[in-house]
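Coordinates in review
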Amino acid sequence: MLAAGRWFGRRPPELALTGILLLAAFLRLFGLQNGQYGSDDERLWAEALRSLAQHSVPVAGIRSSIGVGNGPFQVFVVMPAAALFGSAPIAGAAMVALLNVLGVYILHRLVAENYGRRPALLAALLYATSSWAVIYSRRMQAQDMLAPFEVLFFWNAARWLRRGRGWDLVLMAVWLAILSQVYVLGLLQLVPAVAILVLGWRRLRPLPAVGAVAVFAAVCAPYALTSLLPGVATFRSMLGGQPSVDVQSIVLGLTMATHKGFQTIAGQAGSVWDATSNFEGVLVLIEEALFAAGVVYLAIRLARSSKLQANRAIDGLLLLWALIPVALFARHSVPLYPYYFVSILPLPAVFTALLLERVWHRGGAVGAGVLAANSLALAGIFFAVIGGPV
């Protein structure tokens, strides 16, 4: 008994992380049978079953809303569930949910390796309870599969920038190839990928660099040749309208930090407790301000750091992750929607955690508790209303 007590006493971070991961799994798996199941879910599940029945390897996924077919890795994600539970599409949604729980864990690893245990646990908690992260984890939709592979990509990018190991560069290429073929908007990460190589050019070595390019090309070639390149004309025609430059991408980027996701999907939740007005409306502004302030804080820290400081490159990496998608959508000729910004879903948790860690004993701990508790309360309302009349 005493030995068990000493074991638990030495491992509070591990126990806290286990609790956070269990909470993340609960929020992503509970009530899946009451969730949305639309035509995209049905087509993706049917494609997985068809590939299994024909013993074929898919080279493309289902068509995206922006006019280009998605890649085959969205099919690969749900194929194990289809093989085991072919008559139960909910198994595919569960597979996506568990993939996103893995994303919470990898995000913890990324932050812990570069900023320490407490901000890592806080980032994992905020990401686990994020309303947008939860609702974009519960369906067989391309946008629901993107964030975990984004986290894996940037985790290995951070490792490469810190240690310069060729293996991390190759794994970066693997995750980039996969996320590019899970959701067509994952191709936008080609821009940060190039920026990362520029950021860490001193660490480039011929053999790993050639290996990374070869892996990326080999994995992406079938999709590029059969779906992506033939669909370019459709993509161009869809974007052929008069482009506008506005702040909508900034607004939607900041929205990813808020707790409004539950009510966006289940509008009837507003009749129980409106998540956008009164106290909740003020909290929305605070969440957005914390995310924005976290970005500014890291930018100032980067500007003031010396070239020899270990986290300089990692600070730059996180800023690239946050700012490039927002900048790319600043000029657009089609309406923008929240799911266009799923690539930055983990970042409000990271930037807010780093900022709250800075003021931990001056209200940061209380603030973290309020944010997580509020998200959990709204999640409870969300589960209640999607389950039936309340």
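Since the structure is predicted, the reported quantities are computational estimates derived from the model, not experimental observations.

Take the nonpolar core next. Grouped together as the largest cluster of nonpolar side chains are 117 residues, with contacts concentrated most on Phe149, Phe153, Tyr183, Ile196, Leu318 and Phe351. The dominant element in this core, judged by the number of residues it contributes, is helix 8 (residues 142-163), at 14 residues. Those residues in contact with Leu318, other than ones at most four positions away along the chain, are Leu110, Tyr115, Leu298, Leu347, Val350, Phe351 and Leu354.

What follows deals with the packing of aromatic side chains. Applying the stated criterion across every chain yields a total of 16 aromatic pairs. Consider the rings of Phe154 and Trp321, whose centres lie 4.1 Å apart with planes at 10°: the pair is stacked. Remark: Trp321 occurs in helix 16 (residues 312-328) and Phe154 occurs in helix 8; sequence separation between them is 167 residues. On the basis of relative accessible area, Phe154 is assigned to the buried category, the value being 0%. Geometrically, the ring pair formed by Phe262 and Phe382 is tilted, given 5.2 Å between the ring centres and 35° between the ring planes. In this pair, Phe262 is assigned in helix 14 (residues 261-265) and Phe382 in helix 18 (residues 364-386), connecting sequence segments 120 residues apart. Across the pair, Phe382 and Phe262 agree in class, each one buried. Among the aromatic residues, ring-to-ring pairing joins Phe26, Phe30, Phe262, Phe382 and Phe383 into one connected group.

The rules behind each value
- Residues numbered from 1 in each chain as written.
- Predicted model: local features only at pLDDT ≥ 70, side-chain atom pairs only at ≥ 80, totals over all residues.
- Heavy atoms only, no water.
- Core = buried A, V, L, I, M, F, W, Y, C linked by side-chain atoms within 4.5 Å.
- Buried < 20%, exposed > 50% of the residue type's maximum accessible area, 1.4 Å probe, protein only.
- Helix = DSSP H or I, 4+ residues; strand = E, 2+ residues; numbered from the N terminus.
- Contact = heavy atoms within 4.5 Å.
- Phe/Tyr/Trp six-rings, centres within 6.5 Å; stacked < 30°, edge-to-face > 60°.

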